[in-house]
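Residue-level structural notes
This is what each chain is made of:
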Amino acid sequence: MLLSLIKIIAFIAVITGLTYGATQLMEVDGKAVIAIAGLEMTLSPLQLVFAFAALIVLVWLALKLLALLVATYHFLNGDETAISRYFDRNRERKGFEALSEGMMALASGEGHLALTKAHRAQRYLDKPELTTLLTAQAAEMTGDKRTAEASYKTLLENQQTRFVGVRGLMKQKLAAGETDTAMALAKKAFALRPKHEETQDVLLKLQAEKEDWSGARETLTAKLKAGNLPRDVHKRRDAVLALSEARGIMEDGKSIEARETAINANRLSPDLIPAAVMAARGYIEQDKPKYAARVLTKVWAAQPHPDVAAAFAEIAPNENPTERLKRFRALTRQNPDDPETKMLLSELHIAAEDFPAAKRDLGDLVDKDPTARSLTLMAAIERGQGADDAVVRGWLTKALTAPRGPQWICDKCQHIHAEWVPVCAHCTSFDTLGWKRPPAGEVAMPTGTEMLPLIVGQKASDVPVPVQGDETVDAEIVEDSETAK
């Protein structure tokens, strides 16, 4: 408001001053005579001032016209001039407008419009690193794979855009299912940007799928160094990779190297059940039962599992049921309220033919948390206590429709696996399997129900199958009763 008032006052003052000056000039006596080529002009003082001002304007216009003519000559001659710069600025303005509109169209999901704007920007702008990238992304959105691939290959020629080109081609090959080519491109992208998190994840996933465990461990270490992975998660996944590497070495017949690698995997993550089991069996091969027992006891404290109990039984395979029950106290005194511990104790007492103790160990599992395994154990207890065949058959029949209990399930896709694997067989996710109960209604795999024969140390074929009259027990009931010796 104040500034506007000052401007008005200044304008009035200038007009007043000019008016006053013109009035003074009009009152001045005398005239000026200008003669040019026989032409005379008589001017009053005021007219002389206006004529002088007009002359200054004409001289300025003449100089500007001369500069324009010189610039036009240089422009036609190919030199950079103000005119060429003007046209360049105009083209650049149109190009950046098209580029920004293309980016907005791309963000809005309008692929065809984005592609049109990208072509327009390419005509006006000398910025291939921008326009080619927009073209590639717009072509991907519209499904024009050929144009997208050609654009990404163009980006490879520039050092600044090479990583973007490699990454774009990698994603295309992944979408097309060409995992071998995608893995080679992922390695190239990783070499260009070793700290790029997405590239690390893609490379790690592909290496795990291709069972390149040593390469995957290097990538995992790079993720840790780049700060893209917590240290505890790194230790866990490094243990998974080490375990997988040990399995591969064992398949190649190098049992000693596999044993050492498995022991190393267990040291990295003591609560990783498959690593603990494999490490324990390695210690058993080395005739180090105390080390094996220590490893298995530690993992049982973290999470009881049938495979752990089976490996613990292998430490002393020739012991009698009483000795085994005594030795297994190292496991059973940990997590005593866990269903797995209760069923393990029940199995051990069944093997020792102490059926009342076996029933006491089961407690109320068959009522509150019935599973195929606990119901089969109850059938074995009833059989051992001399119950009627109808009672035994009733428990076995319940076991057929009961849930199987915890299993190896992928946290990402909920796919159930019969045994632990580092990469999900369904969604190819790495290190997503957990020992837990499947969702209701899922078809269960018979994991863990064959524990008793391993602990008892006898063949499942020796288990007596109850038969009543002319009826025969269903084949599936026979399989489930194998754990009920």
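Predicted, not measured: the structure shown is a model, and the values here were computed from it.

**Re the packing of helix α14 (residues 289-302) against helix α15 (residues 306-314)**
- Running from N to C, α14 and α15 cross one another at 160 degrees; their axes reach a closest spacing of 10 Å. As judged from the angle between their axes, α14 and α15 are roughly antiparallel. Handedness of the α14/α15 crossing: left-handed. Counting all contacts with α14, which are made through A293, L296, T297, V299 and W300, the residues of α15 involved are V308, A309, A311 and F312.
- For the contact of α14 with α15, a count of residues per class yields eight nonpolar, one polar and no charged.

**Side note on helix α5 (residues 128-142)**
- Here α5 spans 20 Å end to end across 15 residues, near enough to the 21 Å set by a 1.5 Å rise per residue.
- For α5, the set of buried residues is T131, T132, L134, T135, A136, A138 and A139.
- Positive backbone phi, approximately 85 degrees, marks G143, located one or two places after α5.

**Observations concerning the pattern of salt bridges**
- For the structure on display, the rule yields 22 salt bridges.
- With a closest N to O distance of 3.9 Å, K359 and E382 form a salt bridge. Pair noted here: K359 is in helix α19 (residues 355-362) and E382 is in helix α21 (residues 372-384), with a separation of 23 residues, a long-range link.
- Owing to a relative accessible area of 13%, E382 belongs among the buried residues under this scheme.
- Residue K436 is joined to D411 by a salt bridge in which the shortest nitrogen-to-oxygen separation is 2.7 Å. With K436 in strand β5 (residues 433-436) and D411 in the loop between β3 (407-410) and β4 (416-417), this pair connects stretches of sequence that are 25 residues apart.
- With relative accessibility at 46%, the residue D411 sits in the partly exposed group.
- Several salt bridges share partner residues, and in doing so they unite R217, D238 and E245 into one network.

**What about the packing of aromatic side chains?**
- As enumerated under the stated definition, the model contains three aromatic pairs in all.
- Geometrically, the ring pair formed by Y283 and Y291 is stacked, given 5.4 Å between the ring centres and 25 degrees between the ring planes.
- Given a relative accessible area of 9%, Y283 falls into the buried group.
- Taking NZ or CZ as reference, K288 lies 5.5 Å from the ring centre of Y291, over its face.
- A cation sits over an aromatic face here: R294 above Y291, 5.2 Å from the ring centre.

**Regarding the sheet that holds β5**
- Pairing in this open sheet of three strands is antiparallel, and the strands run β4-β3-β5 from one edge to the other. The two strands at the open ends of the sheet, each matched to only one other strand, are β4 and β5.
- Relative to β4, β3 runs antiparallel, the two being bridged by two bridges. Across the sheet, the residue bridging to I409 is I416, located in β4.

**Section: helix α18 (residues 339-351)**
- With 13 residues, α18 ought to run about 18 Å at 1.5 Å a step, and its terminal C-alpha atoms sit 18 Å apart, in line with that.
- Extensive coverage of α18 is indicated by the burial of ten of its 13 residues.
- Taken together, the buried positions of α18 are E340, T341, M343, L344, S346, E347, L348, H349, I350 and A351.
- The backbone nitrogen of E340 has a side-chain oxygen 2.8 Å away, supplied by the residue at the start of α18, namely D338.

**Quick notes on the environment of R267**
- Relative to the assigned elements, R267 resides in helix α12 (residues 255-268).
- Sequence spacing of R267 and V295 is 28 residues, and the spatial spacing of their C-alpha atoms is 9.3 Å.

**What about the nonpolar core?**
- Judged by nonpolar contacts, the single largest core of 49 residues is most densely connected at L241, L243, L296, V308, F312, F328 and L344.
- If one sorts the elements of this core by residue count, helix α13 (residues 273-285) sits on top with eight residues.
- The contact partners of L243, leaving out residues within four places of it in the chain, are A265, L272, P274, A275, M278 and W420.
- Listed in part, the 30 residues of the second largest apolar core include L125, M183, F190 and L203.

**Thoughts on a nonpolar patch on the surface**
- A surface patch of nonpolar side chains, amounting to about 600 Å² of accessible area, comprises I8, F11, I12, V14, I15 and L18.
- Note that V14 resides in helix α1 (residues 2-27).

**Quick look at the environment of L169**
- Note that L169 resides in helix α7 (residues 162-175).
- Its relative accessible area of 8% is what places L169 among the buried residues.
- Along the chain, L169 and A150 lie 19 residues apart, while their C-alpha atoms are 9.5 Å from each other.
- The residues contacting L169, other than those within four sequence positions of it, are E149, Y152, K153, L156 and L185.

**What about the side chain of T219?**
- Residue placement: T219 occurs in helix α10 (residues 213-225).
- For T219, a relative accessible area of 2% gives the class buried.
- A polar contact is formed between the side chain of T219 and the side chain of Q207, at a distance of 2.8 Å.
- Not counting the four nearest positions on each side in its chain, T219 is found in contact with Q200, L203, L204 and Q207.

Conventions and cut-offs
Here the residue index of a chain counts from 1 through its sequence in written order. Selection of residues for local features in this predicted model requires a pLDDT of at least 70, selection of side-chain atom pairs for listing and counting requires 80 or more, and totals for whole chains, interfaces and linings are taken over all residues. Neither water nor hydrogens contribute to the side-chain values; these are computed over all heavy atoms in the structure. A fitted line through C-alpha atoms serves as each axis, taken over the contacting stretch for helices, and the angle formed by two N-to-C directions is quoted from 0 to 180°. Put simply, DSSP H or I for four residues or longer makes a helix, DSSP E for two residues or longer makes a strand, and each gets a number counted from the N terminus. Here roughly perpendicular refers to angles of 65 to 115 degrees, roughly parallel to angles under 35, roughly antiparallel to angles over 145, and oblique to all remaining angles. The sense of a crossing depends on the near helix, which, turned anticlockwise from the far helix by less than a right angle, makes the crossing left-handed and, turned clockwise, makes it right-handed. What makes two residues a contact is simply this: any of their non-hydrogen atoms within 4.5 Å. When residue character is reported, Ala, Val, Leu, Ile, Met, Phe, Trp, Tyr, Cys and Pro are called nonpolar, Asp, Glu, Lys and Arg charged, and the others, Gly included, polar. In this analysis, the expected span of each helix is defined as 1.5 Å times one less than the number of residues it contains. Note on exposure labels: buried denotes an accessible area under 20% of the residue type's maximum, exposed denotes more than 50%, and partly exposed covers the range between, all computed with a 1.4 Å probe on protein chains only. Salt bridges are defined as contacts in which a side-chain nitrogen from Lys or Arg sits within 4 Å of a carboxyl oxygen from Asp or Glu. Two aromatic rings from Phe, Tyr or Trp, using only the six-membered ring of Trp, form a pair when their centres are within 6.5 Å; if the ring planes differ by under 30 degrees the pair is stacked, by over 60 it is edge-to-face, and anything between is tilted. Both a distance and an angle decide whether a charge sits over a ring: NZ of Lys or CZ of Arg must be within 6 Å of the ring centre and within 35 degrees of the ring normal. Strands pair, by our definition, only if DSSP identifies at least two bridges between them. For the purposes of these results, a polar contact is taken to be a pair of N or O atoms within 3.5 Å, where, inside protein, one atom must be able to donate a hydrogen and its partner to accept one; residues adjacent in sequence count only when each atom of the pair is a side-chain atom. What we call a nonpolar core is a set of buried Ala, Val, Leu, Ile, Met, Phe, Trp, Tyr and Cys residues that are connected through their side-chain atoms within 4.5 Å. Patch definition: residues above 30% relative accessible area lacking any salt bridge, with like charges linked at up to 9 Å and the nonpolar side chains Val, Leu, Ile, Met, Phe, Trp and Tyr linked at up to 5 Å. Working definition of accessibility: Shrake-Rupley area with a 1.4 Å probe, residue cover restricted to the visible protein chains.

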